[in-house]
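Results of the structural survey
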Amino acid sequence: MLKNSHRDEVALSNGILVLNQTDVATLFDNNSAFESQLTAFTAIGQGTVGGAGKVMLNHPADNSVAFAYAARLSESFGTICKFGSLNPNNAERGLQTISATILALDAETGRLQAIMDGTAITTRRTAAASALAVTVLANPGAIRVAILGYGVQAREHIRMLQDRSTVTEVRVWGRSESKRNAFAAEMAAETGLEIFPTKTARDAVRDADVIVLCTTANTPVVESEWISKGATVISVGSISADRCEVGQDLIERAGRVIVDDARSAKSQAGPIIEALRSGLITDSDLVGLGEIVVHKAAGRRSPDEVIYYNTTGIGMQDAAATALVIAKARAGNLGYTIRLEQDPSLMQPHDQLTAT
């Protein structure tokens, strides 16, 4: 982590704080991530914030999705803008599948106050929001977890759920046998949890209390009949209209259909879009996670009820995370600063510049 011993409050007010991926990952630990998401969804539930719609650009040729949006959490913290891309083929290149950058503006002046890597924030806040959903939606007590997928989000969800819940075992499935076996062994060694790779998705979700789908699937990878009574199913990968990790059979069975944001879900969550189009559900059937967090709406209504939570990711999550990271960086005098303005003493009137 970089540290600038020359930075003081004057420099902070005049310069732009820069935080690289290592800085952000260190500042935004699991506890901070969970705290930020509780803040975000509490504000959303109370109706005190609003965010711009997310722009999604799908690229079918390589199955990638680019995204961009802006959000403002409160009057005391300025607008943030995050843009990035999900590129599944990067896994074969040995690169991160998710890349993102965050720009944060000053609340009073609107001037740029920070530039930071958004990849670590995106990964960790997504898992933290899932952990928050488990806290308010799952049946109480120890949980058996099924993870479908073996990428970055699968790893982060295991870590976050271990921190926030009592996990008795984890079952992992993915299409590549060698990858799921290696993933299970690596995560078991890291966490000390019992983590078992399974030959089929059905074996993974059998008797699971919490099921987390972290895939890029365009067609369902689970069937409703495989899922036990009382399960909480979280779809992380259904983030665009053409991505459907679960089928309509699960939507029909679910006692509650929970979303992070109804507007985003209706345009970006494949399973929700299809269910609304067919009339299987209506707008009134979509319940916001924030509403449940602040007790404006009921979450689980019976121990046997199957709950479905579809997250597309929204700007308020990143706004809350960014505010927390910047506060911690300034308190610890971490990161470094840059200036984008030219030195006024070197500037010339426009009409004196030589054309080239």
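Residues numbered from 1 in each chain as written. Predicted model: local features only at pLDDT ≥ 70, side-chain atom pairs only at ≥ 80, totals over all residues. Heavy atoms only, no water.

Right, let's get into the pattern of salt bridges. This model, assessed by the stated rule, comprises 14 salt bridges. When the shortest N-O distance is used, the salt bridge between Lys179 and Glu92 registers 3.0 Å. With Lys179 in helix α7 (residues 177–191) and Glu92 in helix α4 (residues 90–93), this residue pair connects regions lying 87 residues apart in the sequence. Given the relative accessible area of 37%, Lys179 is considered partly exposed. Under the relative-accessibility criterion, Glu92 is labelled exposed at 63%. A salt bridge links Asp207 to Arg206, with the nearest nitrogen and oxygen atoms 3.6 Å apart. Arg206 gets classed as partly exposed once you look at its relative accessible area, which sits at 42%. Ionic contacts of the salt-bridge type, sharing partners, join the residues Arg124, Glu156, Arg159 and Glu190 into one network. (Salt bridge = Lys/Arg side-chain N within 4 Å of Asp/Glu carboxyl O. Helix = DSSP H or I, 4+ residues; strand = E, 2+ residues; numbered from the N terminus. Buried < 20%, exposed > 50% of the residue type's maximum accessible area, 1.4 Å probe, protein only.)

The phi angle of most residues is negative, glycine excepted, and most peptide bonds adopt the trans form. Backbone geometry places Asp207, a non-glycine residue, at a positive phi of 65°. Relative to the elements of secondary structure, Asp207 occurs in the loop between α8 (201–205) and β11 (210–213). The class of Asp207 is partly exposed, set by a relative accessible area of 34%. Notably, Asn333 is not glycine yet its phi reads approximately 55°, a positive angle. Looking at where Asn333 falls in the secondary structure, it is placed in the loop between α13 (315–331) and β16 (336–338). On the basis of relative accessible area, Asn333 is assigned to the partly exposed category, the value being 22%.

Before going further, it helps to examine the pairing of strand β7 (residues 112–117). In terms of strand pairing, strand β1 (residues 16–19) meets β7 through 3 bridges, oriented parallel. Pairing of Leu17 across the sheet is with Ala114, part of β7. Bridge analysis of strand β6 (residues 98–105) against β7 gives 5 bridges, and the strand direction is antiparallel. Its bridge partner being in β7, Ile102 is matched across the sheet by Met116. The hairpin formed by β6 and β7 contains 6 residues between the paired strands, and Gly110 there has a positive phi angle of roughly 75°. (Pairing = 2+ DSSP bridges.)

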